[in-house]
Amino acid sequence: MTRTGPSRLAALLTAATLLLSACAGAGASDVPGGVAGTASTTLNVYAFSVAKPALDALGAAYSATPQGDRTAINTSYGASGDQSRKVLAGAPADLVVFSLAPDVTRLVEPGIVDADWDAAGQGSPFGSVVVLVVRKGNPKQLHDWDDLLKPGVQVVTPNPLSSGSAQWNLLAPFARSSNGGEDPAAGLAYISRLVTDHIRTQPTSGAEATESFRQGTGDVLLSYENEALAAIDAGDDFEIVIPPETFRIENAVAPVATSDRRAEAEDFLTFVSSPAGQEVVAQAGYRPADPAVQARHTEFATPQKLWTIDDLGGWPAVTASLFNKDSGAITALYTEATR
Amino acid sequence: MLALGVVLLWVGVVVALPLAALAALSVADGPLGFVRAVTAPGSLAALGTTLLLSVAVALVNAVLGTVIAWVLVRDSFPGKRFADALIDIPFALPTIVASIVLLALYGPESPAGIHLNNTRAGVLVALAFVTLPFVVRSVQPVLAELELDAEEAAASLGASNWTTLRLIVWPAIRPAVISGTGLAFARAIGEFGSVALIGGNLPGVTQVTSQYIAQRIEVGDPTGAAAVSVTLLVIAFSVLATLRLLARGQRRAVA
Amino acid sequence: MRLSLPARLGVRTVALAYLAVLVALPVGMVLQRALAPGLATFWASVTTPAAIAAFNLTLTLLAIVVPLNVILGTVTALVLVRGGSFRGKALLQAFLDLPFAVSPVVIGVALIALWGAGGWFGGLADAGVRVIFATPGMALATAFVTLPFVVREVEPVLREVGDEQEQAAATLGATGWQTFWRITLPSIRWGLTYGTLLTVARGLGEYGAVLLVSSNLPGVSQTLTLLVHARYHDVANTYGAYTAATVLMGLSLATLVATALLNRTRRHP
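Remember, predicted model here, so these are calculated numbers, not experimental data. Numbering of residues begins from 1 in every chain and follows the order in which that chain's sequence is written. Working convention: letters from A go to chains and numbers from 1 go to ligands, in the order in which they are written. Only residues with pLDDT of at least 70 get local features here, since the model is predicted, and only at 80 or more are side-chain atom pairs given and counted; chain-wide, interface and lining totals rely on the full set of residues.

**Here we look at the overall build of chain C**
Helix and strand assignments come from DSSP, with helices taken as H or I runs of at least 4 residues and strands as E runs of at least 2, each series counted from the N terminus. When helices and strands are counted, chain C shows 14 helices and zero strands. Viewed in the frame of its principal axes, chain C has a C-alpha envelope of about 65 × 60 × 30 Å. For the exposure call, what matters is how many other C-beta atoms sit within 10 Å of a residue's own: 20 or more marks it buried, 12 or fewer exposed, and in between partly exposed, using C-beta atoms placed from the backbone. In chain C, which comprises 269 residues, the proportion classed as buried is 59%. Residue pairs at least 24 apart in sequence account for 76% of intrachain contacts in chain C once pairs closer than 6 positions are excluded. By the convention adopted here, residues are in contact when the distance between their C-beta atoms, placed from the backbone, does not exceed 7 Å.

Here it is in structure tokens:
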């Protein structure tokens, strides 16, 4: 026995594996008590993590419709930029759902996504707004962007160098301080003070930022409204403060042109943009693109001023002037501030 | 030899080829681009932080890892098996979980009142956690194989424990300690997941090179990322090679 | 060396205190958070369809990678220690150390640079052979990070043990295979055991590289570590991350127990 130890081990391991691989019950659902489902078509969706509640709800709702009842969606989640690069490198996506348009336009040039994916605005069926997330009771009484600059206030937001979706967070105060881009210097002045005096950590992603905040770091977290809602639903003692002026987050959705299941993907997207789909999206905490549905949902407070990416000239311009790795103004501020 | 051929093929496909592709990527902007990417202020700061902390943690675990290996091999006490089992856990625990847990233990809400978040000390703790098994598991088998005759002979001749340690035990385990320390160092400089939350990713203070590399990928600079990666590789590799040479030299001296 | 009782207790205390603070505390915390809501909740969390699929995939990957790296690792150690010198030996040694030096982020980038669309072997994907974003890619990533363990554990033991017995066997007429099976293998048992254990443990815990090369679709291509990642990023399920992590630690522990049982009769020094 002693001399055949290693081969015994190998045999044991192999046997165990074969046995357990025959373990029944494998499937895609990660809900306790969930069952492996059956569907004739499965759409592979590559999405950014924050979209999970919306996509779960949309998938379930779609399966309940006559058109979608043989279609299931299976979603891979991750940071928006990471997912986008993965699809670029060949990941088998049928549909992409990303945090911001640049992550989709990256896929246009190699032909993975059609150039007209957002032609009639259909590329952005839902989104959110940038909000301030504070501890329960709002102990530091933070209500607006200027409050963040009060002495001693610590702000948590991901580093825009390592998180594409972090850019939304910084565009909100920038747009407000620069009056929609008219006075970029003023906007940058605010960001500079924020980054230099009030940001102590540089989480690489939204999830890291939220977890950091959850574990006690910082007084306020900049985040998506829907992510904050989800965290509160899950039991975190947070409160959401919507500043009077903030930014509209427009997520980016597109079917993959090179996929075999393109027709089914487009059908699903049609559903998402339909009133029924928009209603599902709203109930999951996201702001629907459909104004009628949005108006019905009064729980979504309307800030005094909601800036949009178009106000600032569109993503290509914003990326070039603010977030470009070499010449972006905000990128430079981040690099300077932490020297 | 067939054996050698198979080995070379395996190591080639699994290790050498991907790294070759990486090296090719790193010079896609030419040698000047490579140098520029590596000497960027952010890159240098991250490298400095990484090397400093990795050396520190490797030395700490060299000493304590050897002590632990000694205790596990030569000592006996109730619960020794349990202690032995603990050693491999850092390997099996995904770095995300280590990250969350370390922040829970040593972050702002630390139950023990120890706040190491956003500090180098916090990063050190995370690195010590993930590199602990290397020295222990490197020294353990060698110590277990060590015949006690030489030590007993020395004792019967009147040698003190310290002399025995210095002249008999240490030379026998030194290669393993050095090798384990080198591995701990190499692992530490590449560590990513576990330091993320507790370190806070502060450039120049707690941002380690792997975080910097990930950042470069995110901003759309895969070539720069590859360049810094290759640099990190070369550093780790040089250290390991040097230690290997030292160990071989000592083996010859002892033989 | 016989340590006096105070010295022995002192050393033991230092070792155990360090272990306790560094490892036992975090592990205890994971267990506490995973098990606090009760065993039923824990069980439900680790038996979701996605969790079972992840468990299967993790074990499948180990079943592929571990035997390969154990066998080839042993052969490599023999070649390095007993094989004399040969051209490229130093280079081989170098490559064996490299996996330790490479960050998971870097491994992912390197593998995609090689096997991804647009990579050196990107043409394979067009020919229908899926490597990256499929099980072979994940196996390659796991093999990469676990490659050196068995070699590096067996090598020093082989050196320490020396080859007198093997030479004696050869002069007595034993074949190479007999010598290996009856003399060499038992003598390296400890190193081989530890090496295998480390390979399994490290393979279980691999996360960064596999994350990058997996298509990361639940129920299809998530290992247990990727499941932890998925659950963590799903804001509501940090608890689920802890339970999956507990399963991983349990698997590592099970391997340790199994190898301890298989090596029950140890040679007392």
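More follows now that the structure is in view.
**Considering the overall build of chain A**
Within chain A, the regular secondary structure consists of 13 helices and 11 strands. A principal-axis box enclosing the C-alpha atoms of chain A has dimensions of 70 × 55 × 40 Å. Counting only residues that meet the buried cut, chain A has 54% of its 339 residues in that class. Of the contacts formed within chain A by residues at least 6 apart in sequence, a portion of 72% connects residues at least 24 apart.

**Thoughts on the interface of chain C and chain B**
Each partner contributes to the interface: chain C provides 83 residues, whereas chain B provides 84 residues. Among the elements that take part in the side of chain C that touches chain B, helix H1 (residues 5–35) of chain C stands out by supplying 16 residues, more than any other. Under this grouping Gly is polar, as are all residues other than the nonpolar Ala, Val, Leu, Ile, Met, Phe, Trp, Tyr, Cys and Pro and the charged Asp, Glu, Lys and Arg. Its residues assigned to classes, the side of chain C that touches chain B comprises 63 nonpolar, 12 polar and eight charged.

**Describing the sheet that holds strand S2 (residues 71–78) of chain A**
All names here are of chain A. One open sheet accounts for four strands, arranged S2-S1-S3-S9; its pairing is mixed. Each edge of the sheet is formed by a strand with only one pairing partner; in this case those strands are S2 and strand S9 (252–255). Taken pair by pair, the neighbouring strands of this sheet meet at an average axis angle of 20°, ignoring direction. By this definition, two strands are paired if DSSP reports at least two bridges between them. For strand S1 (residues 41–48) and strand S3 (residues 95–98), the ladder comprises three bridges, and the chain directions are parallel. Counted as the bridge partner of Tyr-46 is Val-96 from S3. Contacting S1, S2 and S3, helix H2 (residues 52–63) crosses the sheet at an angle of about 175° to S2. Inter-axis angles, ranging from 0 to 180 degrees, are taken between N-to-C directions of lines fitted to C-alpha atoms, where helices are fitted over the stretch in contact. Across the sheet, helix H3 (residues 80–88) lies against S1, S2 and S3, angled at about 130° from S1, the strand it touches most.

**What about the pairing of S9 of chain A?**
Residue and element names in this part refer to chain A. By the alternation rule, side chains of S9 split into Ala-252 and Ala-254 and Val-253 and Pro-255, which are all buried. When S3 meets S9, the two strands line up antiparallel, connected through four bridges. Counterpart to Leu-95 in the pairing with S9 is Pro-255.

**Description of the pairing of S2 of chain A**
All names here are of chain A. The buried fraction of S2 amounts to six of the eight residues, a majority that puts the element mostly inside the structure. Of the strand pairs in this sheet, S1 and S2 are connected by eight bridges, and their pairing is parallel. Paired with Thr-42 across the bridge in S2 is Ala-72. A crossover links S1 with its parallel partner S2, the connecting element being H2, and its sense is right-handed. Whether a crossover is right-handed comes down to one check: with the strands pointing away from the viewer, does the path from the first strand over the helix to the second run clockwise; if it does, it is right-handed.

**Regarding the nonpolar core**
Note on terminology: a nonpolar core is any set of buried Ala, Val, Leu, Ile, Met, Phe, Trp, Tyr and Cys residues joined through C-beta atoms within 7 Å. Core analysis: the largest hydrophobic core is formed by 273 residues, its most contacted members being Val-96 of chain A together with Val-97 of chain B. Element by element, the count of residues in this core is highest for helix H3 (residues 49–82) of chain C, at 18 residues. Each of two domains, domain 1 (41–124 + 251–273) and domain 2 (127–249 + 303–337) of chain A, supplies a minimum of three residues to this core. Here Val-96 of chain A is in contact with Tyr-46, Val-87, Val-104, Leu-107, Val-113, Ala-254 and Val-256 of chain A, once residues within four sequence places are set aside. The split into domains, and so the bounds of each, comes from an automatic or database assignment of domains.

**Section: unusual backbone geometry**
For residues besides glycine, phi is generally negative; the peptide bonds are generally trans as well. At Gln-141 of chain A, a position not held by glycine, the phi torsion is positive, near 50°. Among the secondary structure elements, Gln-141 of chain A is positioned in the loop between strand S4 (126–135) and strand S5 (155–156). In the Ramachandran plot, Asn-201 of chain B falls in the positive-phi region, its phi being about 55° despite a non-glycine side chain. Its location among the elements puts Asn-201 of chain B in the loop between helix H9 (196–199) and helix H10 (209–218). When the 28 C-beta atoms within 10 Å are taken as the criterion, Asn-201 of chain B is described as buried.

**A closer look at the domain arrangement of chain A**
Residues and elements named next belong to chain A. Here chain A is partitioned into domain 1 (41–124 + 251–273) and domain 2 (127–249 + 303–337). Tallying the contact residues gives 14 residues for domain 1 and 16 residues for domain 2. When residues of the side of domain 1 that touches domain 2 are traced back to their parent elements, those giving at least two are H3 and helix H4 (101–105). When grouped by side-chain class, the residues that make up the side of domain 1 that touches domain 2 number seven nonpolar, six polar and one charged.

**Quick word on the environment of Leu-103 of chain B**
Here Leu-103 of chain B shows up in helix H5 (residues 95–106). A sequence separation of 123 residues divides Leu-103 of chain B from Ala-226 of chain B, and the C-alpha atoms of the two residues are 30 Å apart. Once residues within four sequence positions are removed from consideration, Leu-103 of chain B is found in contact with Gln-215 of chain A together with Asn-117, Leu-197 and Ile-198 of chain B.

**What about the packing of helix H4 (residues 80–92) of chain B against helix H14 (residues 238–262) of chain C?**
Orientation of H4 of chain B relative to H14 of chain C, taken along the N-to-C sense of each, is 135°, at an axis distance of 9 Å. As far as their axial angle goes, H14 of chain C and H4 of chain B are oblique. Both H4 of chain B and H14 of chain C take part in a crossing whose hand is right-handed. Residue-level contacts link Ala-85, Asp-88, Ile-89 and Ala-92 of chain B of H4 of chain B to Leu-248, Met-249, Leu-251, Ser-252, Leu-253 and Leu-256 of chain C of H14 of chain C. Just so you know how the angles are binned, under 35 degrees is roughly parallel, over 145 roughly antiparallel, 65 to 115 roughly perpendicular, and the rest oblique. A clockwise turn of the near helix away from the far one marks a right-handed crossing, whereas an anticlockwise turn of less than a right angle marks a left-handed crossing.

**A short note on helix H10 (residues 275–283) of chain A**
Taken together, the buried positions of H10 of chain A are occupied by Gly-277, Gln-278, Val-280, Val-281 and Ala-282 of chain A. Where H10 of chain A terminates, the next one or two residues include Gly-285 of chain A, which has phi positive at roughly 100°.

**Considerations on the confidence of the model for chain C**
For any part of a model where pLDDT is low, the fine detail of the predicted coordinates should not be relied upon. All names here are of chain C. Residue-level confidence of the predictor is what pLDDT reports, using numbers from 0 through 100. Summary statistics for chain C give a mean pLDDT of 85 and a share of 96% for residues scoring 70 or more. When the criterion is pLDDT under 50, residues 265–269 qualifies, and its contacts beyond four places in sequence or with other chains add up to five contacts. For this predicted complex, the interface score ipTM comes out at 0.85, while the overall pTM is 0.85.

**Comments concerning the environment of Arg-159 of chain C**
When you line up the elements, Arg-159 of chain C lands in helix H8 (residues 148–161). On the neighbour-count criterion, Arg-159 of chain C (20 C-beta atoms within 10 Å) is buried.

**Some points on the environment of Arg-202 of chain C**
Positionally, Arg-202 of chain C belongs in helix H11 (residues 189–205). Of the residues examined, Arg-202 of chain C has 24 C-beta atoms within 10 Å and is grouped as buried. For the pair Arg-202 of chain C and Leu-5 of chain C, spaced 197 residues apart in sequence, the C-alpha separation works out to 37 Å. Here Arg-202 of chain C is in contact with Phe-91 of chain B together with Val-145, Thr-146 and Phe-149 of chain C, once residues within four sequence places are set aside.

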